[in-house]
Amino acid sequence: MRGADFLIKALKEHQVDTVFGYPGGAIMPVYDALVDGGIKHILCRHEQGAVFAADGYARASGRLGVCIATSGPGATNLLTGIANAYMDSVPLLAITGQVNSNLVGTDAFQEVDIFGLSLGVVKHSFLITSIEELPDAIYQAIQIAQEGRPGPVLLDIAKDVQLANIDDVTITATNKEATVADKTSMQKAAKLFSQSKKPLFYAGGGIGMANAEATFRELVNTAKAPTVTTLKGIGALPHNDPHNLGMLGMHGTKAANLAVQDCDLLIAIGARFDDRATGQLNKFAPKAKVIHFDCDAAEISKLRQADARILGDLNKNLIKFQAKINACHNNHWLEDCQDKKHQHQFNYNSATEGIFAPALLKRLSEMCQNHPTIVTCDVGQHQMWVAQHMGFNKISEHLSSGGLGAMGYGLPSAIGAQLAMPQHRVINVSGDGSIMMNIQELATLIRYQIPVKLLLLDNQRLGMVRQWQHLFFKNRFSEVDLSDNPDFALVAKAFGVVSNSISQPSQIESALDEFINSKSSYLLHVSINPDENVWPLVPPGKSNSEFIERSYS
Amino acid sequence: MKTQSDLTIVAKNSLGILERILRLVRHRRFILNNVSAHCEENSNAVNIRLVVESDRDLGNLMLQLQKLMDVIEVRQSHEYQLRNCLGYG
Ligand SMILES: Cc1ncc(C[n+]2csc(CCOP(=O)(O)OP(=O)(O)O)c2C)c(N)n1
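Residues numbered from 1 in each chain as written. Chains lettered and ligands numbered in written order. Predicted model: local features only at pLDDT ≥ 70, side-chain atom pairs only at ≥ 80, totals over all residues. Heavy atoms only, no water.

Undergrad: How do you make sense of helix H2 (residues 58-67) of chain B when you look at a structure like this?
TA: Residues three or four positions apart in an α-helix share a direction because the helix packs 3.6 residues into each turn. Listed in full, the buried residues belonging to H2(B) are Leu58(B), Asn60(B), Leu61(B), Met62(B), Gln64(B) and Leu65(B). In this structure, the buried side of H2(B) is in contact with strand S1 (3-12), helix H1 (17-27), strand S3 (45-54) and strand S4 (71-77) of chain B. (Buried < 20%, exposed > 50% of the residue type's maximum accessible area, 1.4 Å probe, protein only. Helix = DSSP H or I, 4+ residues; strand = E, 2+ residues; numbered from the N terminus. Contact = heavy atoms within 4.5 Å.)

This is the structure:
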């Protein structure tokens, strides 16, 4: 068989059923192998769409996401998506064609040193210029992408290698035995917990990546301690769980940020003290000792010194920790936090006319409770409103470009999520800026009859940037006006996507009803107030207790 | 305060290993004062010696280096001796 056939066969043997990609010269043998390779290939309309779709597929299902592109422009178009997977630790395999091995290094047609270009955004990478290297590289790539802290792996394969002959052998990627923390650290952590009067869980996306939601929930129920989540940790506890104080950080809930500032023990689990979560680092959780659970040694004490470092597999370590602790002895603490949560609930009454996006999203979320729903976001105000006002019961129900904050993530990741989870309802909440970054994927929805629902919150602005210009640049608005947007409902129709447009609160109920119950793809265009801002907000560089609240520009 | 440190790295001599290491050192904001690399005969390991300087935490750099797939070992050599470093091997 050819190297290309071997690749497809290896993917199949590792339970890859769907790949996303875009063909071209240097990857043609692989596309030839796909013709009868027994794997479903989804043709996206831009390589960035393909890599984001593979990312969405991986996040929604917990399985490996695979994308394929040709050399040169195909490969460079993947880069943003590879970086996105890197920042958010998503198991992703990016396969690129490379020019013939004898042409590598000669500036050949469509030759780009993608191996070199991607070094800073991959967990690992391979450039394969001889057929002997191919089998081992494939198996290693599949394994590395998924084991430990997941991440993207690049497999750049010269065209002549794809065509070269190879024996049909079967080698399977094996997972390394997961490590657990040493006894002394665990004992120390348990002791810190028993001494603590105000313990707080700080739950990150790692809980989802490690498939440790269930163990985490049991731990919280045993510990009876309040919990804050990061953007990627949303869903670690059910949204209505009494321990859940919501998201912390720049646009976090007041209850969450106040609890962090007040706690005497912060138990970070699969979280990495990102600046959007911590605000000014040296004022973050100023009274707290820290226990840090992570599978990546380089994350523990990277930004905040841990008093107990619990390194290794989250599932195993959380179970061990749970066995060593009793419920928090100070039950006033949880009650206090819950009171604050109650006191500082979001206000859904808008001061202006028209549709108030937070209220609309809250209603959408309520209406979606009857059926498992995945929501993907783009980046901006709408992304923060989704995080604040929609309720999630699992981490994999909320897909957001967290670390990279890449506009254009929403639609393609929804495509990947829907293909991975066909029984789920999948909704992309986007903004009028972000949607234009990968709008070509509307064609993918139609081609494969993918029933993704698109909720477009149109404020005719690059809203989040406008908000910062309002708050931090004295209202000097620079290049944020999108009032000449196309007619998005008409754009959708041109692709064959059913659409509707609303602008009045009275239209919300019936429009949302039709939207979520539609059997096909659907775009609901919602006109909202251009001057609306996301509140509360912790200004960059400020402590999380210094949040500012509603004002209008 | 900036401090200078001397690191010894043993790695698999795979494609781009030196690039990966140097990229990481730069990105994590360490200045490279000296570097030498040398492959052992009949082995696919490479020994790399770095003299780096930063006000960032060296321990974290070492953990980041250790995370690179093909890095086998990262050690800090306490005696910083430029001559040894240059003539390493
Ligand atoms: C690829 C990319 N380019 C630029 C940015 C910077 N950015 C962050 S939010 C934002 C505005 C997004 O506008 P829109 O999608 O309309 O969402 P809104 O904030 O209005 O809800 C921009 C430009 C980004 N995050 N990603």
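Once the structure has been displayed, the description carries forward.
Undergrad: Looking at this model, I keep getting lost on the site of the ligand. Mind explaining?
TA: Residue and element names in this part refer to chain A. Taken together, 17 residues are adjacent to the ligand, and Gln 381, Gly 405, Gly 433, Ser 434 and Gly 463 come closest. Contact between the ligand and Gly 463: an oxygen atom at 2.8 Å from a main-chain N or O atom of the residue. Met 464 places a main-chain nitrogen or oxygen 2.9 Å from an oxygen atom of the ligand. In isolation the ligand exposes 590 Å². Once the protein is present, 76% of that is buried. Mapped by element, the contributors of at least two residues to the shell around the ligand are helix H16 (381-389) and helix H19 (463-472). Broken down by element, the shell around the ligand gets its largest block of residues, three residues, from H19. Split by residue class, the shell around the ligand holds six nonpolar, nine polar and two charged. (Near = heavy atom within 4 Å. Polar contact = N/O pair within 3.5 Å; in protein donor to acceptor, adjacent residues only side chain to side chain. Areas by Shrake-Rupley, 256 points an atom, 1.4 Å probe, with all protein chains shown as cover. Nonpolar A, V, L, I, M, F, W, Y, C, P; charged D, E, K, R; others polar.)

Undergrad: Where do I start with the layout of surface pockets in this structure?
TA: A water-sized probe rolled over the atoms picks out the places where empty space is left. Residues and elements named next belong to chain A. The computed volume of the second largest pocket comes to approximately 720 Å³. In terms of lining residues, the second largest pocket is bounded by 32 residues, among which His 239, Lys 341, Phe 346, Tyr 348 and Gln 388 are the most central. At the level of secondary structure, the elements contributing two or more residues to the lining of the second largest pocket comprise strand S9 (244-247), helix H11 (254-262), helix H14 (331-343), helix H15 (357-368) and H16. Among the elements that make up the lining of the second largest pocket, the one with the highest residue count is S9 (four residues). For the lining of the second largest pocket, the class distribution of residues is ten nonpolar, 18 polar and four charged. (1 Å grid on protein atoms, 1.4 Å probe; cavity = no way out; pocket = protein on both sides within 12 Å on 5 of 7 lines; lining within 4 Å. Points joined across faces, edges and corners; volume = space filled by probe spheres on them.)

Undergrad: Before we go on, may I ask you to explain the interface of chain B and chain A in this structure?
TA: Accessible area lost during the coming together of the parts is what is often quoted as the interface size. If you look at the interface, chain B gives twelve residues, while chain A gives 16 residues. When the two sides are added together, the surface that chain B and chain A hide from each other amounts to roughly 1200 Å², 58% of it contributed by carbon and sulfur. Its salt-bridge partner being Asp296(A), residue Lys67(B) comes within 2.6 Å of it at the nearest N-O pair. If you look at where chain B meets chain A, you find three residue pairs in polar contact (both at pLDDT 80 or more). (Buried area = accessible area lost by both parts, 1.4 Å probe. Salt bridge = Lys/Arg side-chain N within 4 Å of Asp/Glu carboxyl O.)

Undergrad: I'm lost on empty space enclosed by the protein in this one. Help?
TA: Residues and elements named next belong to chain A. Tallied over the entire structure, the rule returns one cavity of 30 Å³ or more. Roughly 40 Å³ of internal volume is contained in the largest cavity. Listed by contribution, the elements that provide at least two residues to the lining of the largest cavity are H11 and H14.

Undergrad: For this particular structure, what's the right way to read the confidence of the model for chain A?
TA: Should the pLDDT be low somewhere, the predicted coordinates at that spot are not to be read in detail. When pLDDT is averaged across chain A, the result is 96; 99% of the residues are at 70 or more. At the low end of the mean pLDDT range in chain A sits helix H12 (residues 275-278) of chain A, at 94; at the high end sits strand S3 (residues 65-69) of chain A, at 99. (pLDDT = per-residue confidence, 0-100.)

Undergrad: Honestly, the sheet that holds strand S6 (residues 152-158) of chain A in this entry has me stumped. Any pointers?
TA: Paired through their backbone hydrogen bonds, the strands of a sheet run either parallel or antiparallel. Residues and elements named next belong to chain A. Strand order in the open sheet formed by six strands is S2-S1-S3-S4-S6-S5, and the pairing between neighbours is parallel. Strands at the two margins of the open sheet, each flanked by one partner only, are strand S2 (40-43) and strand S5 (124-128). With strand direction ignored, the average angle separating the axes of adjacent strands in the sheet is 20 degrees. In terms of strand pairing, strand S1 (residues 18-21) meets S2 through four bridges, oriented parallel. Residue pairing in the sheet places Thr 18 in a bridge with Lys 40 of S2. Packing of helix H2 (residues 28-35) onto the sheet brings it into contact with S1, S2 and S3, and relative to S3 it is tilted by some 125 degrees. Against the sheet, helix H4 (residues 73-87) engages S3, strand S4 (92-98) and S6, with an angle of about 165 degrees to S4. (Pairing = 2+ DSSP bridges. Axes fitted to C-alpha atoms, helices over the stretch in contact; angles between N-to-C directions.)

Undergrad: I keep staring at the pattern of salt bridges and nothing clicks. Help me out?
TA: Any two side chains of opposite charge can pair if their charged atoms end up close together. Residue and element names in this part refer to chain A. Under the criterion given, the structure shown has 22 salt bridges over all chains. Where Lys 9 meets Asp 168, a salt bridge forms, and the shortest distance between an N and an O atom there is 2.6 Å. Pair noted here: Lys 9 is in helix H1 (residues 3-13) and Asp 168 is in the loop between helix H7 (159-163) and helix H8 (183-195), with a separation of 159 residues, a long-range link. Two residues, Asp 17 and Arg 63, come together in a salt bridge whose shortest N-O distance is 3.4 Å.

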